[in-house]
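# Topology and contacts: notes
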Amino acid sequence: TVDWVSLQKELVDLVGRTCTLNSGSDPNNKQPTTVDEWAERILSFGKTTTGNTDEKYLGIPLIPSAAKADRKAWHDVVRSSPLSANLSTDTYKEESKDDSTSDVYEIRLWHKDFEKEMP
């Protein structure tokens, strides 16, 4: 059986350590505002067996200081969990909008139905 509770705790911890949470100030930003919401969102997305063309992947914004090890942790957690049945992961590096040297990364959880569209 799948221990979704433990996986959710692991996701809450990972989100808390590595993610930029939505402040809620922009009404157009529909991303979760708490670690618990993120964990639930990831689990519900990962449990969906059929992909949705409106949402081919779930992009999770990382804090600018997220280390390479933090990015690796995301891939490891997804690959070693039941989420790997429906999801693949990649890392997307956003181009800096200003001259800052810190790169902003996003972990993308791709639904397997759209794996061939991954860069």
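Residues numbered from 1 in each chain as written. Predicted model: local features only at pLDDT ≥ 70, side-chain atom pairs only at ≥ 80, totals over all residues. Heavy atoms only, no water.

### What about the overall build of the protein?
Within the protein one finds three helices and three strands. Tracing the protein from N to C terminus, the helices and strands come up as α-α-β-α-β-β. Rg of the C-alpha trace for the protein: 14 Å, near the compact-globule value of 14 Å for 119 residues, within the 12% margin. With the C-alpha coordinates of the protein rotated into their principal frame, the extents come out at 45 × 30 × 30 Å. Scored against the burial criterion, the 119 residues of the protein give a buried share of 35%. In the protein, 62% of the contacts between residues at least 6 apart in sequence involve partners at least 24 apart. Looking at the protein, you have 15 positive and 21 negative side-chain charges, and the mean spots of the two groups are 4 Å apart. (Helix = DSSP H or I, 4+ residues; strand = E, 2+ residues; numbered from the N terminus. Rg over C-alpha atoms; globule rule 2.2 N^0.38 Å. Buried < 20%, exposed > 50% of the residue type's maximum accessible area, 1.4 Å probe, protein only. Contact = heavy atoms within 4.5 Å. Lys, Arg positive; Asp, Glu negative; His and termini not counted. Charge placed at Lys NZ, Arg CZ, Asp CG, Glu CD.)

### Quick word on the pairing of strand E1 (residues 57-61)
For E1, a buried count of four out of five residues is recorded, marking the element as mostly surrounded by other parts of the structure. As judged from the five bridges shared by E1 and strand E3 (residues 104-111), these two strands associate in the antiparallel manner. Directly across from Leu58, in E3, lies its bridge partner Leu109. (Pairing = 2+ DSSP bridges.)

### Observations concerning helix H3 (residues 68-79)
In this model, H3 (12 residues) spans 17 Å end to end at C-alpha, consistent with the 16 Å of a helix rising 1.5 Å per residue. Of the positions making up H3, those classed as buried are Asp70, Arg71, Ala73, Trp74, His75, Val77 and Val78. On its buried face, H3 sits against helix H1 (4-18), helix H2 (35-47), E1, strand E2 (87-94) and E3. (Expected span 1.5 Å × (residues − 1).)

### Focus on the packing of aromatic side chains
Under the criterion given, the structure shown has one aromatic pair. Here the aromatic rings of Tyr57 and Trp110 are separated by 4.6 Å at their centres, their planes lie at 40°, and the arrangement is tilted. Residue Tyr57 is located in strand E1, and its partner Trp110 is located in strand E3; the two are separated by 53 residues in the primary sequence. Residue class for Trp110 comes out buried when judged on its relative accessible area of 5%. Its end group placed over the ring of Tyr105, Arg71 keeps NZ or CZ at 3.8 Å from the ring centre. Here Arg108 stacks its cationic end above the ring of Tyr57, 4.9 Å away from the centre of that ring. (Phe/Tyr/Trp six-rings, centres within 6.5 Å; stacked < 30°, edge-to-face > 60°. Lys NZ or Arg CZ within 6 Å of the ring centre and 35° of its normal.)

### Things to note about the pattern of salt bridges
Pairing between side chains becomes possible if they bear opposite charge and their charged atoms approach one another. Under the defined criterion, the tally for this structure stands at seven salt bridges. One salt bridge in this structure joins Arg41 and Glu55, with 2.5 Å as the shortest N-O distance. Here Arg41 is found in helix H2, whereas its partner Glu55 is found in the loop between H2 and E1, with 14 residues between them in sequence. Residue Glu55 is classed as partly exposed on the basis of its relative accessible area of 27%. A salt bridge links Asp76 to Lys72, with the nearest nitrogen and oxygen atoms 2.6 Å apart. In this pair, Asp76 and Lys72 both sit in helix H3, four residues apart, roughly one turn of the helix. If you follow the salt bridges from partner to partner, you end up with Asp13, Arg17 and Asp70 in one network. (Salt bridge = Lys/Arg side-chain N within 4 Å of Asp/Glu carboxyl O.)

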